[in-house]
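# Summary of structural features
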Amino acid sequence: MYLTNAEEKALSGERGEAEQIAYRVLVATGKLGDAQKLIPIEWVHVSGVSFLTIGQYGLDFLEKISNSKGAKFKVFTTVNPCGMDIENWKALEIPTDYAEKQLQIIECYKKLGMANSFTCVPFETYKVPPAGTCVAWAESSAAVFGNSILGLRTNRESAISALACALTGKTVYSDLQIPLNRKPSKNIRVNLKKKMDFSGSLNFGVLGFFAGKEVPGVIGFQRVKQKLSLAEAKALSAAIGTLGSSGMFILDSKEKVETIDFTDREFEETMSDLSQSENGEAVVFGCPQMTLEELRDLSNAIQGKHFRKKCIVFCSSMMFERASHEGYVQSIESSGATFVRDACADFTPLISSLKVGSVVTDSVKGAHYMRKVHGVDISLKDTSTIIRENME
Amino acid sequence: MNEIRVRSIVEGKAAGEILFSSQPIAFLQGVDVEGGFVSDKKHEIYLKPFEDKILVFPNAVGSSVGAYVIYRLKKNGKAPRAIINQKADMIIASGCAISEIPLFDLVDGKISELREISKVRVDEKKLVLVEY
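Rules and cut-offs
Residues numbered from 1 in each chain as written. Chains lettered and ligands numbered in written order. Predicted model: local features only at pLDDT ≥ 70, side-chain atom pairs only at ≥ 80, totals over all residues. Heavy atoms only, no water. Contact = heavy atoms within 4.5 Å. Buried area = accessible area lost by both parts, 1.4 Å probe. Salt bridge = Lys/Arg side-chain N within 4 Å of Asp/Glu carboxyl O. Polar contact = N/O pair within 3.5 Å; in protein donor to acceptor, adjacent residues only side chain to side chain. Helix = DSSP H or I, 4+ residues; strand = E, 2+ residues; numbered from the N terminus. Buried < 20%, exposed > 50% of the residue type's maximum accessible area, 1.4 Å probe, protein only. Arc of directions from axis to C-beta. Axes fitted to C-alpha atoms, helices over the stretch in contact; angles between N-to-C directions. Left-handed = near helix turned anticlockwise from the far one by under 90°. Nonpolar A, V, L, I, M, F, W, Y, C, P; charged D, E, K, R; others polar.

## Section: the interface of chain A and chain B
Taken together, the contact pairs 40 residues of chain A with 33 residues of chain B. Regarding the contact of chain A and chain B, the summed buried area is about 2,800 Å², with carbon and sulfur atoms giving 61% of it. The largest per-residue losses of area from chain A upon contact with chain B belong to A:K31, A:L32 and A:Y57, which jointly make up 25% of the total buried on that side. At the junction of chain A with chain B, the criterion picks out two salt bridges. Linking A:D273 and B:K42 is a salt bridge whose minimum nitrogen-to-oxygen distance equals 4.0 Å. Put simply, chain A and chain B have 11 residue pairs in polar contact (both at pLDDT 80 or more) between them. Every element with two or more residues in the side of chain A that touches chain B is listed here: α2 (17-32), α3 (51-67), α7 (159-168), α9 (230-243) and α15 (364-374) of chain A. Counting residues per element, the side of chain A that touches chain B draws most heavily on α3(A), which supplies eight residues.

## Considerations on helix α11 (residues 292-301) of chain A
Inspection of α11(A) places A:E294, A:L295, A:L298 and A:S299 among the buried residues, and these make up the whole buried set. One face of α11(A) carries all of its buried residues, which in axial projection span an arc of 135°.

## A look at the packing of helix α1 (residues 66-75) of chain B against helix α2 (residues 90-99) of chain B
Residues and elements named next belong to chain B. Packing of α1 against α2 leaves a shortest axis separation of 8 Å and a crossing angle of 35°. Between α1 and α2 lies a crossing of right-handed hand. Each of G66, A67, I70, Y71 and K74 in α1 lies in contact with α2, whose residues at this interface are I91, I92, S94, G95, C96, I98 and S99. Here the residues of the contact of α1 with α2 sort into seven nonpolar, four polar and one charged.

## Some points on the pattern of salt bridges
Residues and elements named next belong to chain A. Counted by the stated rule, this structure contains 25 salt bridges over all chains. Of the charged contacts, one joins E7 and K170 as a salt bridge, the two residues approaching to 2.9 Å between their closest N and O atoms. Note that E7 is positioned in helix α1 (residues 5-11) and K170 in strand β5 (residues 170-172), a separation of 163 residues in sequence. Residue classification places E7 among the buried residues on the basis of a relative accessible area of 5%. Across the pair E278 and K381 runs a salt bridge whose closest N-O atoms are separated by 3.7 Å. Of this pair, E278 sits in the loop between α10 (264-274) and β10 (282-285) while K381 sits in the loop between β14 (377-380) and α16 (383-390), and the two are 103 residues apart along the sequence. Classification of K381 by relative accessible area gives buried; the value is 13%. Within this structure, R15, E19 and K74 form a network of salt bridges that share partners.

Remember, this is a structural readout, not a statement about activity or role.
Printed below as a string of structure tokens:
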């Protein structure tokens, strides 16, 4: 990979330790796709924010970076949800020692100049640049959504490679940054007898989880509807990212490549992998975090009803404010649900502290991670079924 | 002596016993950071320690935060000596770069050729099969 004089100097340490580490990372990731050069990017989205995922060593690393002389995010940089509601963690009974560590992590990102929200749906939180813009997004669900729905160009960055991009304002010119590479490597053909009308975020989540495991490159879908709702597109993107390595999908693929059928059998098998319980002792919505549109739909759907059990709704504080302005927050809260802002449902100690053996959710990604992280059984159902079965 | 051409992603060299997996690895919530092994019961190298081994697997899958898991393994003293992938990716390359774990992938060979191999030596250019 060609480096300019200035980039070579930064690699040799002349611009401080943080940039030196960042360029070392870029040199390594550049070799992956035989990148010839680094390119400027307009937006970085960084993951690796919850203390549950990065731990003490991750925190030490971030402190080293943020304390390095001159270290700053060079471009607009958003960060993923953290492990708790920053304003309200005490009332939600987050352990103090955990909270202190979480606040130290946040301090590092603030010092480096993060945008002021913790969200895994940055594309619904901030103004999205035109299609074709080069960005560098970690958080697999956002990267897949950005490439596939918004036409942005991003590789599926890791937490560390995105951090390197933010510290330099650059990424490697390879893979999905190059237009020629943005075509399906395998097709997934939806071929279901039982579900002729294939729609809804749960169905698209199950399809995405299967497709992500089957196809490492760009996924070409066949026989799916061409206009996905925001909720469907978000669920599909998140599920592809959960256990896969693909960074993009295309609806209505015409590419003549190997084609895998997604039949009733694959649907049932994927579903039974993810869902073990008939119902859950608590309800969780918002993995990835709820968008304004989803909060509106939820608020409308639960009008006048009350949850019979604990229900937690995850969204960013910015989305909370917007929804509050529209009255959605008030109507959701009056149904007995609790909002948790700026946190990730999968990586907050909150779910473990509920002391329940099972959780019901409409999210495939949430189903996978909540089971792994918190050891709860999962009941995976679509939103309207959850409302019907758990409210009065 | 059999040799396979490799591509060096994170520089370094290593020699040692192979721990082989034909399945990809999800590092976040698929690997035990304290114990240094794959924690998914259905995985073919479930519970087998990475430490001191040359870890061979096709690629990483799952969360972008997996890169931090590689770093935590290294700091815990539970990381492999080196990693050989079929095709390395962002998670592994960035994680290995900050952890100074030598990382290679195979340009034309298949990692399945390493399934029955017990010991190898690997440097920037090639992988030498030491024991069969």
